[in-house]
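So you can see what is in the structure, the chains are spelled out below.
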Amino acid sequence: MVIQVFKYIFGFILAIAILIGGGFAMALYFMNRVSAPPPKPIYANDQPLVKTQAPKSQTSKTNQVSLEKSSSTPDAQKTPKETPKPEESPEALPPGAYKARVTWKQGLRLRKEPTPDAERVGGAAFNQKVIVLEESSDNDWQKIRLENSDQEGWVKSGNVAKIDEQDDTQTTDDTEQQ
């Protein structure tokens with residue numbers, strides 16, 4: 001009789017422990033799923049990050065043509081001339097403007113006016129190079145232009161860091177180290 005009561009109590013405690021453990025495991029699972037950040041939204045005016053390459057058939061034809069030319073002319077044995085990259089050519093910046101890099105991990109939204117309710121006109125990705133054109137009178141907003149683009153807009157101050165012109169590194173501490 002005592003053993004049967006002991007089995008009953010032990011079974012009851014074991015069932016409660018299993019229910020509590022299962023509930024705890026389920027809560028952890030759902031909390032982890034909910035706490036994950038959503039993927040970055042892709043806007044219609046965003047530039048693709050992946051550059052497309054020419055099909056291999058076109059590349060092989062151009063290689064064959066260049067090989068034929070190199071064997072027929074003695075001048076072709078010289079080293080090829082490097083073409084200057086458009087990124088390396090220094091552009092004249094407006095007075096007071098400087099180059100910067102986006103430090104906000106989620107990227108920035110460009111706005112038409114320096115207010116949070118203004119119309120969105122585009123976006124800048126994390127670590128993207130921008131040109132800071134001016135600051136608002138209260139220094140809460142900065143007007144930026146995306147590098148290699150004509151797209152301009154206002155972003156909150158403190159989300160970009162000035163970069164050094166010579167070695168293209170940041171002159172201020174990263175926000176990641178905080």
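Only a predicted model underlies this, so the values are computations on that prediction, with no experimental measurement involved.

Peer 1: I'd love a proper account of the overall build of the protein chain, names of residues and values included.
Peer 2: Along the backbone of the protein chain there are 2 helices and 7 strands. Among the 178 residues that make up the protein chain, the fraction classed as buried is 18%. Accessible area of the protein chain: about 14,800 Å², with a carbon and sulfur share of 58%.

Peer 1: So what about unusual backbone geometry? Which residues, and what values?
Peer 2: Residues other than glycine seldom take positive phi values, yet Asn127 does so here, at roughly 70°. Tracing the backbone through its elements, the reader meets Asn127 in the loop between β3 (120-124) and β4 (129-135). Here Asn127 falls in the partly exposed class, since its relative accessible area comes to 38%. You will see that Asn148, though not glycine, has its phi angle at about 60°, which is positive. Checked against the element boundaries, Asn148 lands in the loop between β5 (141-146) and β6 (152-156).

Peer 1: Could you give me a rundown of the pattern of salt bridges, with the residues and numbers involved?
Peer 2: Tallying each qualifying case throughout the model produces 4 salt bridges. Glu152 serves as the salt-bridge partner of Lys143, at 3.7 Å between the closest nitrogen and oxygen. Taking the relative accessible area as the measure of exposure, Lys143 reaches 22% and is therefore partly exposed. Look at Glu152 and you get partly exposed, because its relative accessible area is 31%. When salt bridges with common partners are traced through the structure, they connect Lys143, Arg145 and Glu152 into a single cluster.

Definitions and limits used
Residues numbered from 1 in each chain as written. Predicted model: local features only at pLDDT ≥ 70, side-chain atom pairs only at ≥ 80, totals over all residues. Heavy atoms only, no water. Helix = DSSP H or I, 4+ residues; strand = E, 2+ residues; numbered from the N terminus. Buried < 20%, exposed > 50% of the residue type's maximum accessible area, 1.4 Å probe, protein only. Areas by Shrake-Rupley, 256 points an atom, 1.4 Å probe, with all protein chains shown as cover. Salt bridge = Lys/Arg side-chain N within 4 Å of Asp/Glu carboxyl O.

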